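Examining the three-dimensional arrangement
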Amino acid sequence: MMQASRLQAELTAMSAGTGLAGCALVDASTGLIWCSTGELQTTPLIAEAACDYWRLYLRNREYFQSMGEIRAQVLIHSEQRLTLVGFDPDLLLIAQSNESTRIDWRSWQVKIREFQALVSKSLS
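Let me sum up the structure you'll find in this document. (Residues numbered from 1 in each chain as written. Predicted model: local features only at pLDDT ≥ 70, side-chain atom pairs only at ≥ 80, totals over all residues. Heavy atoms only, no water.)

Describing the packing of aromatic side chains
The geometry of two aromatic rings is summed up by the distance between their centres and the angle between their planes. Taken as a whole and assessed by the stated rule, the structure comprises 4 aromatic pairs. Summarising the aromatic geometry, the rings of W105 and W108 are spaced 5.5 Å apart at their centres and angled 80° between planes, so their arrangement reads as edge-to-face. With W105 and W108 both in helix α4 (residues 105–123) and 3 residues apart, the pair spans about one turn of that helix. When its relative accessible area of 29% is taken as the criterion, W105 is described as partly exposed. (Phe/Tyr/Trp six-rings, centres within 6.5 Å; stacked < 30°, edge-to-face > 60°. Helix = DSSP H or I, 4+ residues; strand = E, 2+ residues; numbered from the N terminus. Buried < 20%, exposed > 50% of the residue type's maximum accessible area, 1.4 Å probe, protein only.)

Okay, structure coming up:
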């Protein structure tokens, strides 16, 4: 079972200093938020609604098989962007950032892998 307080602490640490406005770990099938930070903590409906982007991919994934499994979706709106990273078909990490903010995506990917390992360990 997931250790909510530990996941919250790790997500907060992962988000700190990255330029992200907020992050959330969400059950993609229900929109239930396991933990969140920043703007996604104060406006959780954005994270819940963003799951629809991921579910659209899951419904149509057979058409993209030749391209391989999706690693992430980056949705660029005029003011902000959402980055969705699937941990498995049911868990989704959503990051919100300002469109004008530079993000060091390479270092953030390392943090994602570490967080994903913690989530996997928490689920087992």
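Describing the sheet that holds strand β5 (residues 91–98)
One open sheet accounts for 5 strands, arranged β2-β1-β5-β4-β3; its pairing is antiparallel. The open sheet has two free edges, formed respectively by β2 (33–36) and β3 (72–76), since each of these has just one partner strand. Shown here is a sheet whose adjacent strand axes are inclined to one another by a mean of 15°, direction ignored. Sheet topology note: the strand β1 (residues 20–27)/β2 ladder contains 3 bridges and is antiparallel. Among the inter-strand pairings, A24 is bridged to a residue of β2, identified as S36. Lying on the sheet, helix α1 (residues 4–15) is in contact with β1, β2 and β5; it crosses β1 at an angle near 150°. Here α4 sits on the sheet and contacts β1, β2, β4 (80–86) and β5; the angle it forms with β5, its principal contact strand, is near 150°. (Pairing = 2+ DSSP bridges. Axes fitted to C-alpha atoms, helices over the stretch in contact; angles between N-to-C directions. Contact = heavy atoms within 4.5 Å.)

Description of the side chain of S36
With respect to the helices and strands, S36 occurs in strand β2. Ignoring sequence-local partners within four residues, the contact set of S36 consists of Q8, L11, C23, A24 and Q41.

A few points about the environment of C51
Along the chain, the position of C51 falls in helix α3 (residues 44–60). The exposure class of C51 is buried, given its relative accessible area of 0%. Between the alpha carbons of C51 and D27 there is a distance of 8.2 Å; along the sequence they are 24 residues apart. Residues contacting C51, with those up to four places away along its chain left out, are V26, D27, A28, G31, L92 and I94.

Considering a nonpolar patch on the surface
Among the surface-exposed residues, Y63, F64 and M67 lie close enough to one another that they form a single nonpolar patch of about 390 Å² accessible area. With respect to the helices, strands and loops of the structure, Y63 is situated in the loop between α3 and β3. Classification of Y63 by relative accessible area gives exposed; the value is 59%. (Patch = residues over 30% accessible without salt bridge, like charges linked within 9 Å, V, L, I, M, F, W, Y side chains within 5 Å. Areas by Shrake-Rupley, 256 points an atom, 1.4 Å probe, with all protein chains shown as cover. Salt bridge = Lys/Arg side-chain N within 4 Å of Asp/Glu carboxyl O.)

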